[in-house]
Amino acid sequence: MKVNIIGAGVSGISAGCYLQMCGFKTVIFERSGRPGGLCTSWKKGDYTFESGFQWLLGSGPANPFYQLWSELLDMKSIQFVNHESRMDIELKHARSIKGDSVFHLYTNLGTLRSYMIENSPGDQVVIDQFIQRMRKIQSFEIPPQIKKVPALLPLSEKIKYIRYLPLLWFLNRIKKETNFTFASKLKSPFLREAFELLFDGDELPLMIISMPLAYNDMHASGYPLGGAAVFINKLKDKYLELGGSIQYHSPVLKVLTADGRATGLLLESGDKVSSEVVLSAADWYFTVFKALDGKYVNKTIRSLGRQGKLKVYYSIILVSLGIGRTFDDVSHFLRFPLDHELVSPDGTAYSRLESHIYNYDPTLAPEGKTMVSVCFYTRNADYWVNLREADPDKYDKSKNDFASEVIDLMEKKFGNIKQYTEEVDVATPATLSRYTNNWKGSAQGWLPGKNMIAQSPVEFTLPGIKNFYYTGHWSIPGGGLPVAIKSARDAVQIICRDSGQKFVPGNQV
Ligand SMILES: Cc1cc2nc3c(=O)[nH]c(=O)nc-3n(C[C@H](O)[C@H](O)[C@H](O)COP(=O)(O)OP(=O)(O)OC[C@H]3O[C@@H](n4cnc5c(N)ncnc54)[C@H](O)[C@@H]3O)c2cc1C
């Protein structure tokens, strides 16, 4: 049975691998000239610039996602870097007990606890509660659940889920705690300011950080040395080995339908390619409202399209620099305050900068040199997309002017930046949109707000159309690479059920 897949991002290639393993014949149609979608890197001069890949949940066996990645990749062949500190936050006002302005979010929970208590013995009860919650996350047994699709389970299996009720109850309880509500319980001005700045001044569920931190502690949420290229090339090679094929520079225009069934794809080139099944692993908005003309929707989907309850994740401006010197003993990930607000061309004001110094990955720059990036979150993706279309010269100038301002601020902070800058690259929401087609330039699908534990808001199937399926990071709020593979695996299990095929995942660890 032939399956046409739209999109060679992590989700599309993962789904392609699972489908090939289950006996389907698949072709992926990718609009750009490379695999990976948002998970990508590119060369400029001697430097490799990264889309920002910082951590892979499931990089080590302590996290259940390791089992999924291992079905598709030889995880032992990838070298993961486990940082001592997840991030360092420089505060504007408060100081540590030693007079330090920087708060270190240590990845070792024992070290983090001692550090926080040393800074505020009076907060021990609250600190212990924070640490204990992460210990509890570590103690829950999740593996069997992660491999199953609840909707496909018979009642006799669903009943077994009762043993996960404590986990659900626990997650439901802690999802209400935000970095602000937690900070308000702390007496120490140093810790309070640090937690308020955990998401750069935004108020978000504390679980967004405590969940990955729990696995950082167990060396199961690391950075793959070599970055996105190493990871995505291994995934792509696996797919090709399994017999799949990828057609690059093949943007899909429409999903073809007949009698309520998907029958193939219409490419922008005008070519039609038929298949028994269509699986979209591309942007959800494009899929539902453009490729399928908004014909297969219900009230929930329509409201998502109007950005109802769920907010879209931020888009980003990424200023990447190739710097001809080393950065020894400098924090690899530092958020620091600015003396004056920096206003980006799209009107977003920033009072802090997020610098990412890849001094731990020598593969990204020649010896003695370093790749550095500065990331800005924005909700005004449309500005960049419209500007690029309307006035390409002004768009280029805006990018260059903004990069110059960022270089000046980095110079002020670290020194010896300007004269050593060899390469500059600016990716805007228009870049994300152009290369990956993600709605509103979103970096990770939906923002995990109160709906953090919500089940797939974008379902695997759509009402009124058969033989059509959907997967991708829009499937669960928060997105990211774990959602990309999990949704792909789940979608393939559903395709297998509907086509009477046995689901046969790959190498078991
Ligand atoms: C700066 C940054 C840093 C990040 N850091 C991390 C991190 O550290 N850890 C983590 O887990 N996640 C991270 N993420 C998120 C993660 O990269 C994404 O959630 C994930 O890669 C999404 O994969 P996907 O396959 O679902 O979607 P995408 O990557 O968006 O792939 C969709 C693919 O479909 C293709 N496509 C779209 N439309 C069409 C069409 N009409 N025809 C043909 N092809 C089409 C696109 O070109 C693309 O290749 C980060 C994201 C960004 C932007």
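Residues numbered from 1 in each chain as written. Predicted model: local features only at pLDDT ≥ 70, side-chain atom pairs only at ≥ 80, totals over all residues.

(A) Seen up close, the overall build of the protein chain. Helices and strands together make up the secondary structure of the protein chain, namely 17 helices and 20 strands. The C-alpha radius of gyration of the protein chain comes to 23 Å, within 12% of the 23 Å expected for a compact globule of 509 residues. Over its C-alpha atoms, taken along the principal directions, the protein chain stretches across nearly 70 × 60 × 45 Å. A burial count over the protein chain gives 45% of its 509 residues as buried. In the protein chain, 71% of the contacts between residues at least 6 apart in sequence involve partners at least 24 apart. (Helix = DSSP H or I, 4+ residues; strand = E, 2+ residues; numbered from the N terminus. Rg over C-alpha atoms; globule rule 2.2 N^0.38 Å. Buried ≥ 20, exposed ≤ 12 C-beta atoms within 10 Å, placed from the backbone. Contact = placed C-beta atoms within 7 Å.)

(B) View of the domain arrangement of the protein chain. As far as domains go, the protein chain holds domain 1 (2-36 + 228-311 + 451-499), domain 2 (83-217) and domain 3 (315-439). Computed from C-alpha atoms alone, the centre-to-centre distance between domain 1 and domain 3 is 31 Å. Looking at the side of domain 1 that touches domain 3 residue by residue, the classes come out as 4 nonpolar, 1 polar and 2 charged. (Domains from an automatic or database assignment. Nonpolar A, V, L, I, M, F, W, Y, C, P; charged D, E, K, R; others polar.)

(C) Spatial organisation of the site of the ligand. Taken together, 38 residues sit near the ligand, with Gly 7, Gly 9, Gly 37, Gly 52 and Gly 480 positioned nearest. Elements supplying a minimum of two residues to the shell around the ligand: helix H1 (10-21), strand S15 (315-323) and helix H17 (481-499). Looking at the shell around the ligand, its residues break down into 18 nonpolar, 17 polar and 3 charged. Counting contributing residues per domain, the shell around the ligand is built from domain 1 (2-36 + 228-311 + 451-499) and domain 3 (315-439), each supplying no fewer than three. (Near = placed C-beta within 6 Å.)

(D) Representation of the pairing of strand S9 (residues 221-224) in the model. In the sheet, strand S5 (residues 56-57) pairs with S9 via 2 bridges, with the strands oriented antiparallel. Note that in S9 the partner of Leu 57 across the bridge is Ser 221. Inspection of the sheet shows strand S6 (residues 80-81) paired to S9 by 2 bridges, in the antiparallel sense. Each bridged residue has a counterpart across the sheet, and for Val 81 the counterpart in S9 is Tyr 223. (Pairing = 2+ DSSP bridges.)

(E) Local environment of the sheet that holds strand S20 (residues 468-470). Taken in spatial order, the 5 strands line up as S10-S2-S1-S14-S20 in an open sheet, and their pairing is parallel. Both outer strands of the open sheet, strand S10 (245-247) and S20, are each paired with one neighbouring strand and no more. When the angles between neighbouring strand axes are averaged without regard to direction, this sheet yields 20°. Here strand S2 (residues 25-29) runs beside S10; their pairing, made up of 3 bridges, is parallel. Residue pairing in the sheet places Val 27 in a bridge with Ser 245 of S10. (Axes fitted to C-alpha atoms, helices over the stretch in contact; angles between N-to-C directions.)

(F) Expanded view of the sheet that holds strand S12 (residues 261-267). The 3 strands lie next to each other as S11-S12-S13, forming an open sheet whose pairing is antiparallel. Two strands lie at the open edges of the sheet, namely strand S11 (252-258) and strand S13 (272-274), each paired on one side alone. Strand after strand, the sheet turns through a mean of 30° between neighbouring axes, direction not considered. The pairing of S11 with S12 spans 6 bridges and is antiparallel. The residue bridging Thr 257 from the neighbouring strand is Ala 262, located in S12.

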